[in-house]
Amino acid sequence: MNQTASVANETVDYGRQREPLSLLRLVTNLYFLYSVSLLSFFVIWDRVAEYHLLGDALVRPHLVALQLYQLTQMKFAGQNLMGHIWASTQRILVGFSIASVIAVPLGLFMALNKYANAIVKPVFDLFKPMPPIAWVSISILWFGIGEASKVFIIIIGTFVPCLLNAYNGVRLVEPELYDVVRVLGGKRRDEIVQVCFPASFPAIFAGLQISLSIAWTCVLAAELMSSRDGLGFLIKRGMDTHKPALVLGGMVLIAVAAWSTSQILGLVERKICPWKRSIENL
Amino acid sequence: MAYQEVKVKTPLSMIVLPVASICSFFLIWEGLVDFGFVPETLLAAPSQVFNTMVVKLSDPNPDGAVLAVHAWTSIQEAFLGYILSLVIGIPLGLAMGWFKVVEGLTRPVFEMIRPIPPIAWIPLTVFWFGIGLTGKVFIIWIAGIVPCVINSYVGVRMTNPVLIQMARTYGATNWQIFTQLCIPSALPMVFGALQIALAYCWTNLVGAELLAADTGLGYLITMGGRLMRPDIVVLGMISVGLSGAVIGVIIDAVEKKLLAGIRR
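In this text the structure is predicted, and so the values were computed from the model without any measurement. (Residues numbered from 1 in each chain as written. Chains lettered and ligands numbered in written order. Predicted model: local features only at pLDDT ≥ 70, side-chain atom pairs only at ≥ 80, totals over all residues. Heavy atoms only, no water.)

Structural notes on the overall build of chain A
Each helix and strand in chain A was counted, giving 11 helices and three strands. For chain A, whose C-alpha radius of gyration is 25 Å, the value lies well above the compact-globule estimate of 19 Å for 282 residues. Oriented by its inertia axes, the alpha-carbon framework of chain A measures out at about 70 × 70 × 30 Å. Within chain A, buried positions represent 43% of all 282 residues. Partitioning the contacts of chain A with sequence separation of at least 6, the portion at a separation of at least 24 is 65%. Of the accessible surface of chain A, which amounts to about 15,600 Å², a share of 64% is contributed by carbon and sulfur atoms. (Helix = DSSP H or I, 4+ residues; strand = E, 2+ residues; numbered from the N terminus. Rg over C-alpha atoms; globule rule 2.2 N^0.38 Å. Buried < 20%, exposed > 50% of the residue type's maximum accessible area, 1.4 Å probe, protein only. Contact = heavy atoms within 4.5 Å. Areas by Shrake-Rupley, 256 points an atom, 1.4 Å probe, with all protein chains shown as cover.)

Dropping the structure here:
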């Protein structure tokens, strides 16, 4: 069955050409390969753990799942599993919101006002190459081992990409767009509100995504150093008591949590700025 | 000459303001500590940090090694992990972009490992490799490989499809298209990955050393924190930032040299 249509003087064929079913086609089917890949990953993991190829420091996958299930049933260090997940997520949310609320407007302002840029940029450049994790020690000195020090590290870590992307987002707006607004008789205010902000939104959201993954790294580092709850605490406790199941369970949870927060942010992005040109990416 | 070179004069305020900004930043920092607004147990003045640096150049106390040894250990670990992640990550990403079979086999595992922050691997690497060089190189490798794979993959995928069709028309084989068209056109993206991967490696190096190490700049920072010596902590932070920035500049220069002929 051939469905054709004419688009801009070119005939486009929408029909699917069916190739005969063959072994080769089955083997190179993407979904088949995906399942082979996942299956072999878990089987290799299971075998390596079963035969103790890495000492006793790796446990079989189903034991990790069992450990996670046990954590939902009983309290571990005063919290059940949801409590630990929420403890980490809460820190992320607080730090991430504070940093983005300050950094994004500051970045926009720096890009629009050259005097603000001349004052803030040099100091910012001093802090930029310093990895956020390097702040862990000094934030414990300053704020003790409570919530404040963890939120502080997250703010430090997320501030840089938020600000940089907002700044670059505005500076990389195509100059033609400004010309259009000017030709149509827009003032400076129209340029900023109608062109600058919408055009820089995709870059800002890219910055927020980067920030979010850095925030998870930071909260993990802070919790590994000192904490009484949270996912990092689970991993650290597993390390100290030599329980690989607990460590692996913590890693799985962190991966799931980090992945879902970034998915949520992606959804918000699609809602707020649907005009983003998407390139095919991972 | 058909055109005249126009010299745009930088206004004086644009030169003065950044310098003034930096100077006042350091003056305020110094003043805060010297006049007792911030207790010395919490923050060290820049002059104090400088003194500590001079002392640490030759004195292994109180953390067991001189500054150069710490820096050398860190650079060694970071470099090994970085090179390994480039050597494995870039070919893997390129192959994932072009060969469907490679993509199908590696992508699910990659997607599963990707959202785990590299620092989360620290306990496992301590179990597996102890606190020596190997474990840290492993963590840095994990950190660096993600941007390498993603950028090479996207680079191959963004190859202009018209060029691919043209190559097919002229009878190029699949392998020829991959090596002679896709890889060169992915190069700018790949070089972008070099910078990103370096930043990731450097961040996670500090993380790895905070928890499991006996020398290195991250260890210097941790010990400074444990001994309540803010001057050592700040010194460590500055050394990490500075060496990261220097390596970044070097890579940037290499990139400019190698990519001279390629339009970005």
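Next comes the rest of the write-up.
Quick word on the overall build of chain B
Looking only at helices and strands, chain B features 10 helices and zero strands. The helix and strand sequence of chain B, counted from the amino end, reads α-α-α-α-α-α-α-α-α-α. Taken over C-alpha atoms, the radius of gyration comes to 24 Å for chain B, far larger than the 18 Å a tight globule of 264 residues would show. Principal axes of the C-alpha set define a box for chain B whose edges measure 75 × 65 × 30 Å. Going through the 264 residues of chain B one by one, you find that 48% of them count as buried.

Some details on helix 2 (residues 30–50) of chain A
In this model helix 2 of chain A runs 30 Å from its N-terminal to its C-terminal C-alpha over 21 residues, within 8% of the 30 Å that 1.5 Å per residue would give. Taken as a whole, helix 2 of chain A has its buried residues at L33(A), S37(A), W45(A), D46(A), V48(A) and A49(A). As for helix 2 of chain A, its buried residues are in contact with helix 1 (23–27), strand 3 (53–56), helix 3 (61–73) and helix 11 (244–272) of chain A together with helix 4 (100–113) of chain B. If you check the start of helix 2 of chain A, you find a side-chain oxygen 2.8 Å away from the backbone N of Y31(A), and it comes from N29(A). Immediately downstream of helix 2 of chain A, the backbone of H52(A) shows phi near 55°, a positive value. (Expected span 1.5 Å × (residues − 1). Polar contact = N/O pair within 3.5 Å; in protein donor to acceptor, adjacent residues only side chain to side chain.)

Observations regarding the packing of helix 1 (residues 12–34) of chain B against helix 2 (residues 46–56) of chain B
Packed helices, taken two at a time, are described by the angle their axes make and the gap between the axes. All names here are of chain B. The contact between helix 1 and helix 2 brings their axes to 8 Å, and the two run at 90°. When the axis of helix 1 is compared with that of helix 2, the two are roughly perpendicular. Contact with helix 1, carried on its side by F26, W29, E30 and V33, involves P46, S47 and Q48 of helix 2 and no other residues of that element. Across the contact of helix 1 with helix 2, the residue classes tally to four nonpolar, two polar and one charged. (Axes fitted to C-alpha atoms, helices over the stretch in contact; angles between N-to-C directions. Parallel < 35°, antiparallel > 145°, perpendicular 65-115°, else oblique. Nonpolar A, V, L, I, M, F, W, Y, C, P; charged D, E, K, R; others polar.)

Here we look at the environment of S262(A)
All names here are of chain A. Mapped onto the elements, S262 comes out in helix 11. We classify S262 as partly exposed; its relative accessible area is 22%. Spatially, the C-alpha atom of S262 lies 6.5 Å from that of Q209, the residues being 53 residues apart in sequence. Residues within four places of S262 in sequence aside, it is in contact with Q209 and L212.

As for unusual backbone geometry
Of note in the backbone geometry, H242(A) takes a positive phi value of approximately 50° without being a glycine. Of note, H242(A) is situated in the loop between helix 10 (231–240) and helix 11. Among the residues examined, H242(A) registers a relative accessible area of 38% and is labelled partly exposed. Positive phi is not limited to glycine here, since M228(B) has a value of about 55°. Inspection of the secondary structure puts M228(B) in the loop between helix 9 (217–226) and helix 10 (230–258). Here M228(B) falls in the exposed class, since its relative accessible area comes to 52%.

Here we look at the pattern of salt bridges
Pairing between side chains becomes possible if they bear opposite charge and their charged atoms approach one another. All names here are of chain A. Taken as a whole and assessed by the stated rule, the structure comprises 19 salt bridges over all chains. As a salt-bridge pair, E50 and R60 come within 2.6 Å of each other at their nearest N and O atoms. Of this pair, E50 sits in helix 2 while R60 sits in the loop between strand 3 and helix 3, and the two are 10 residues apart along the sequence. Judged by relative accessible area, E50 falls into the partly exposed class, the value being 31%. (Salt bridge = Lys/Arg side-chain N within 4 Å of Asp/Glu carboxyl O.)

With respect to the interface of chain B and chain A
With 59 residues of chain B in contact, the opposing surface of chain A contributes 56 residues. When chain B packs against chain A, close to 5,100 Å² is buried across both sides, 83% of that on carbon and sulfur atoms. Per-residue buried area on chain B facing chain A is highest for F127(B), W128(B) and M237(B); these three make up 12% of the total on that side. Viewed at the interface, chain A and chain B are joined by zero salt bridges. Elements that contribute at least two residues to the side of chain B that touches chain A include exactly helix 1, helix 4, helix 5 (122–129), helix 6 (133–157), helix 8 (174–211), helix 9 and helix 10 of chain B. With 12 residues, helix 4 of chain B is the largest single contributor of residues to the side of chain B that touches chain A. Looking at side-chain class alone, the side of chain B that touches chain A contains 42 nonpolar, 11 polar and six charged residues. (Buried area = accessible area lost by both parts, 1.4 Å probe.)

A look at the confidence of the model for chain A
Within chain A, residue pLDDT values average 83, and 90% of them lie at 70 or more. Across chain A, helix 4 (residues 81–112) of chain A holds the top mean pLDDT of 90, while strand 1 (residues 4–7) of chain A sits lowest at 59. (pLDDT = per-residue confidence, 0-100.)

A short note on a nonpolar patch on the surface
A surface patch of nonpolar side chains, about 570 Å² in accessible area, is lined by L23(A), L26(A), V27(A), F32(A), V36(A), V101(B) and L105(B). Sorting the residues of the nonpolar patch by element identifies helix 1 and helix 2 of chain A together with helix 4 of chain B as the ones contributing at least two each. Sort the elements by how many residues they give to the nonpolar patch and helix 1 of chain A lands first, with three residues. Looking at the secondary structure, you find L23(A) in helix 1. (Patch = residues over 30% accessible without salt bridge, like charges linked within 9 Å, V, L, I, M, F, W, Y side chains within 5 Å.)

Let's talk about the environment of S185(B)
Residues and elements named next belong to chain B. Along the chain, the position of S185 falls in helix 8. Expressed as a C-alpha distance, the spacing of S185 and V49, which sit 136 residues apart in the sequence, is 47 Å. Once residues within four sequence positions are removed from consideration, S185 is found in contact with G155 and T159.

Observations concerning the packing of aromatic side chains
A full pass over the atoms with the stated rule returns 22 aromatic pairs over all chains. Here the aromatic rings of F41(A) and F42(A) are separated by 5.4 Å at their centres, their planes lie at 75°, and the arrangement is edge-to-face. An aromatic cluster is present here, built from F127(A), W135(A), W142(A), F143(A), F152(A), F25(B), F26(B) and W29(B) joined pairwise through their rings. (Phe/Tyr/Trp six-rings, centres within 6.5 Å; stacked < 30°, edge-to-face > 60°.)

Details of the nonpolar core
One finds W216(A), L248(A), M251(A), Y82(B), W121(B) and M237(B) to be the most contacted residues of the largest nonpolar core, which totals 127 residues. Structurally, this core is a two-domain feature, drawing no fewer than three residues from each of domain 1 (1–58) and domain 2 (69–272) of chain A. W121(B) has contacts with M251(A), I113(B), I116(B), W128(B), F138(B), I139(B) and I142(B), leaving out every residue within four places of it along the chain. Core analysis: the next-biggest nonpolar cluster, separate from the first, contains eight residues, F110(B), I145(B), V146(B) and Y153(B) among them. (Core = buried A, V, L, I, M, F, W, Y, C linked by side-chain atoms within 4.5 Å. Domains from an automatic or database assignment.)

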